[in-house]
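# Inside the fold
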Amino acid sequence: MEAGCTDMKTARFIPPDGQIDVWTARNSSYNARDVAVMSETLSMSEHAEVQRLRVHQHRIHRLLSRALLRRVLSHYAGLPPQALEIDRKCSQCAIPHGRPHDRSGVWQMSVTHSGDLWAVAVTSNYPVGLDAEELEGRTVHHVSRLADESFTPLEREALPSWEPPAEHLVLQHWTHKEAVLKCLGTGLTIPIQSVQLLAPLGRRQQVSVDTGSEHKSLYVESLDIGQLWVSALACAAPWHRVVVRSVSILDDAP
Ligand SMILES: CC(C)(COP(=O)(O)OP(=O)(O)OC[C@H]1O[C@@H](n2cnc3c(N)ncnc32)[C@H](O)[C@@H]1OP(=O)(O)O)[C@@H](O)C(=O)NCCC(=O)NCCS
Ligand SMILES: [Zn+2]
């Protein structure tokens, strides 16, 4: 049994309280054969969702996103990936396009992708939000538009005094705001300006968000997943440990 795990009827491994596990993968590391094998783990509705996409690369990325999440959860559940029941019912309209939940309710998770990167954060007990943005190919024009459209006036005032360079900083700041909205489960259905972060990035911040129906308080912090991306983690409760791993070590998963 792994450290911190709890054996339950259905759960083989549960991240200990206060720990957030982050699993990363690169889409390009999977060849056509891998994709075919992984596709066999998808549910009927996931297959249908993939087939509805017109662009080949979008289909592959969607398929991998579904299969990788199953692969990671199978590690925790001790079940084959295809045996897991993953629900994506949207809290607003009931269409299955919301954030993923496993039906057992044992794990909380948040998925992100940017470019070639796929990642998921997994916790027990508290909702989590993960967001990542690829740094390559971002123009100054793109990031300044992002800041204009999504930052509050106070955030725009505070930003120039912070380190590092502006493009990275704006994207990093954006990941923090989006991680918070993903943790809340609203995504961008509420304005991104509802999340205002005024302290310099790099240390954990507590943030209060008005969702329109209630005030929610949560925590957000930068996450290091490599030089090619900026990333942030949000959680409804403070955490003391983040464990970042690559999905490929799950090759011996059930
Ligand atoms: C959710 C959202 C913030 C994701 O941002 P993004 O930069 O496009 O994409 P990311 O790669 O970071 O995240 C995508 C993942 O977010 C997750 N997600 C979807 N809806 C979510 C929500 N409401 N809350 C948290 N996570 C959500 C999914 O797991 C998705 O990946 P997957 O489909 O491969 O599993 C954004 O797409 C959004 O808010 N969309 C609008 C939501 C909306 O209008 N819903 C309709 C209501 S009827
Ligand atoms: Zn919806």
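A brief look at the structure comes next. Keep in mind it's a predicted model, so treat the numbers as computed, not measured.

Next up on the list: the site of ligand 1. Around ligand 1, 20 residues are found, and the nearest of them are S65, H113, D131, K182 and L188. Between R66 and ligand 1, the recorded distance is 3.0 Å, taken from a side-chain N or O atom to an oxygen atom. Protein burial of ligand 1: of its 910 Å² of free accessible surface, 72% is covered by the chains. In terms of residues, the shell around ligand 1 owes the most to one element, strand β4 (residues 107-114), which gives three residues. Of the residues assigned to the shell around ligand 1, the class counts are five nonpolar, nine polar and six charged.

What follows is about the coordination of the zinc ion (ligand 2). The zinc ion (ligand 2) binds to the protein through C90 (SG), C93 (SG) and H97 (NE2); the donor distances cover 2.0 to 2.3 Å. Considering all four donor atoms around the zinc ion (ligand 2), angles at the metal cover 101 to 120 degrees and the coordination shape is tetrahedral. Within one chain, the residues serving as donors to the zinc ion (ligand 2) are arranged as C-x2-C-x3-H. Take C90: its relative accessible area is 15%, and that puts it in the buried class.

Right, let's get into the pattern of salt bridges. In total, this model carries 13 salt bridges according to the counting rule given. We note a salt bridge from E155 to K177, for which the minimum N-O separation is 2.6 Å. Here K177 lies in helix α6 (residues 166-184) and E155 lies in helix α5 (residues 153-158), a separation of 22 residues in the sequence. The same class applies to E155 and to K177, which are both buried.

Criteria and thresholds
Residues numbered from 1 in each chain as written. Chains lettered and ligands numbered in written order. Predicted model: local features only at pLDDT ≥ 70, side-chain atom pairs only at ≥ 80, totals over all residues. Heavy atoms only, no water. Near = heavy atom within 4 Å. Polar contact = N/O pair within 3.5 Å; in protein donor to acceptor, adjacent residues only side chain to side chain. Areas by Shrake-Rupley, 256 points an atom, 1.4 Å probe, with all protein chains shown as cover. Helix = DSSP H or I, 4+ residues; strand = E, 2+ residues; numbered from the N terminus. Nonpolar A, V, L, I, M, F, W, Y, C, P; charged D, E, K, R; others polar. Donors = N, O, S within 2.8 Å, 3.2 Å for Na, K, Ca; no water. Tetrahedral: all angles 85-135°; square planar, octahedral: opposite > 155°, others 65-115°. Buried < 20%, exposed > 50% of the residue type's maximum accessible area, 1.4 Å probe, protein only. Salt bridge = Lys/Arg side-chain N within 4 Å of Asp/Glu carboxyl O.

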